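Understanding the architecture of this molecule
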Amino acid sequence: MTAETESSAPPRARAPGEAGEPDHRMSFAGQAASVGALRDWVARCLRRGPYEHPPAVVEDLLVCASELATNAVRHSASGLPGGTFAARLWQDSRRVRLEVADMGPRPGRPTLPRIDDSTMDDGAAENGRGLGFVAALCEGECGTTTPPDPRGHTVWCRLATASASQQDGSEGEGHGRRGAPG
């Protein structure tokens, strides 16, 4: 369950929509216990980062992190013995982006991550709803690598952290840099 590697970069200004180098990255063992380890890592990164994101955004991102990591472990080669998955996190005052990269399809089970909310209304469905939840929480700001790389898939989600009125340059309470006058 232990995380294998971690790195953090100092925050820097980015143009809206620019991904650039992630602020944080970490690799995890491809085990079910690593789902919780990823959640803890994301929460730590957000707490020690320079931005104070609304609690609801943090909670939504933690749910998304669980879904993306669970898919990597359950549906890809990352969940096989010796498998790993990697996470990358970007944040600024307007958005938080999380990516989870797996090791590609399991042998004999070539599947691609797909965001399909058609199973969301099926109360009896036990599988296939996770990425639909992610899409709903992110208001559609999510996706996968296209075309998928046979060496691995990357699934990402991005959550807005400020209201539309704050995205015009003014920052409200609790949405700016830590320690900045509010």
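Bear in mind the structure is a predicted one, so any value in this text is a computation, not a measurement.

Moving on: the nonpolar core. The biggest cluster of nonpolar side chains holds 34 residues, and the ones touching the most others in it are Leu38, Trp41, Val42, Leu61, Leu98 and Cys157. At the level of elements, strand 2 (24-29), helix 1 (33-48), helix 2 (55-75), strand 3 (84-91), strand 4 (95-101), helix 3 (130-137) and strand 6 (154-160) are the ones that each hand at least two residues to this core. The contact partners of leucine 38, leaving out residues within four places of it in the chain, are Phe28, Ala65, Ala69, Phe85, Ala87 and Val100.

Let's shift gears to the confidence of the model for the protein chain. Residues of the protein chain with pLDDT of at least 70 account for 65%, and the chain-wide mean is 76. Summarising per-element confidence for the protein chain, the mean pLDDT is lowest in strand 1 (residues 3-8) (53) and highest in strand 2 (97). Taken together, the stretch residues 10-18 has pLDDT below 50 and engages in 14 contacts with residues farther than four places along the chain or on a different chain. Across residues 167-182 the pLDDT falls below 50, and counting only partners more than four positions away or on other chains, this stretch makes 29 contacts in the model.

Turning our eyes to something else, we now look at the pattern of salt bridges. Applying the stated criterion across every chain yields a total of five salt bridges. Between glutamate 99 and arginine 88 there is a salt bridge, with its nearest N and O atoms 2.7 Å apart. Note that glutamate 99 is positioned in strand 4 and arginine 88 in strand 3, a separation of 11 residues in sequence. The residue glutamate 141 makes a salt bridge to arginine 158 at a minimum N-O spacing of 2.5 Å.

Take the pairing of strand 3 next. One ladder, built from six bridges, connects strand 2 with strand 3; its direction is antiparallel. Looking across to strand 3, one finds that histidine 24 is bridged to leucine 89. Sheet topology note: the strand 3/strand 4 ladder contains six bridges and is antiparallel. Residue pairing across strands places leucine 89 opposite leucine 98, the latter belonging to strand 4.

What follows concerns the packing of helix 1 against helix 2. Close contact between helix 1 and helix 2 brings their axes to 9 Å; oriented N to C, the two are set at 145°. The way helix 1 lies across helix 2 gives a crossing that is right-handed. Residues Val35, Leu38, Arg39, Val42, Ala43 and Leu46 of helix 1 form the contact with helix 2, whose own contacting residues are Val58, Leu61, Leu62, Val63, Ala65, Ser66, Ala69 and Thr70. Its residues placed into classes, the contact of helix 1 with helix 2 shows 11 nonpolar, two polar and one charged.

Criteria and cut-off values
- Residues numbered from 1 in each chain as written.
- Predicted model: local features only at pLDDT ≥ 70, side-chain atom pairs only at ≥ 80, totals over all residues.
- Heavy atoms only, no water.
- Core = buried A, V, L, I, M, F, W, Y, C linked by side-chain atoms within 4.5 Å.
- Buried < 20%, exposed > 50% of the residue type's maximum accessible area, 1.4 Å probe, protein only.
- Helix = DSSP H or I, 4+ residues; strand = E, 2+ residues; numbered from the N terminus.
- Contact = heavy atoms within 4.5 Å.
- pLDDT = per-residue confidence, 0-100.
- Salt bridge = Lys/Arg side-chain N within 4 Å of Asp/Glu carboxyl O.
- Pairing = 2+ DSSP bridges.
- Axes fitted to C-alpha atoms, helices over the stretch in contact; angles between N-to-C directions.
- Left-handed = near helix turned anticlockwise from the far one by under 90°.
- Nonpolar A, V, L, I, M, F, W, Y, C, P; charged D, E, K, R; others polar.

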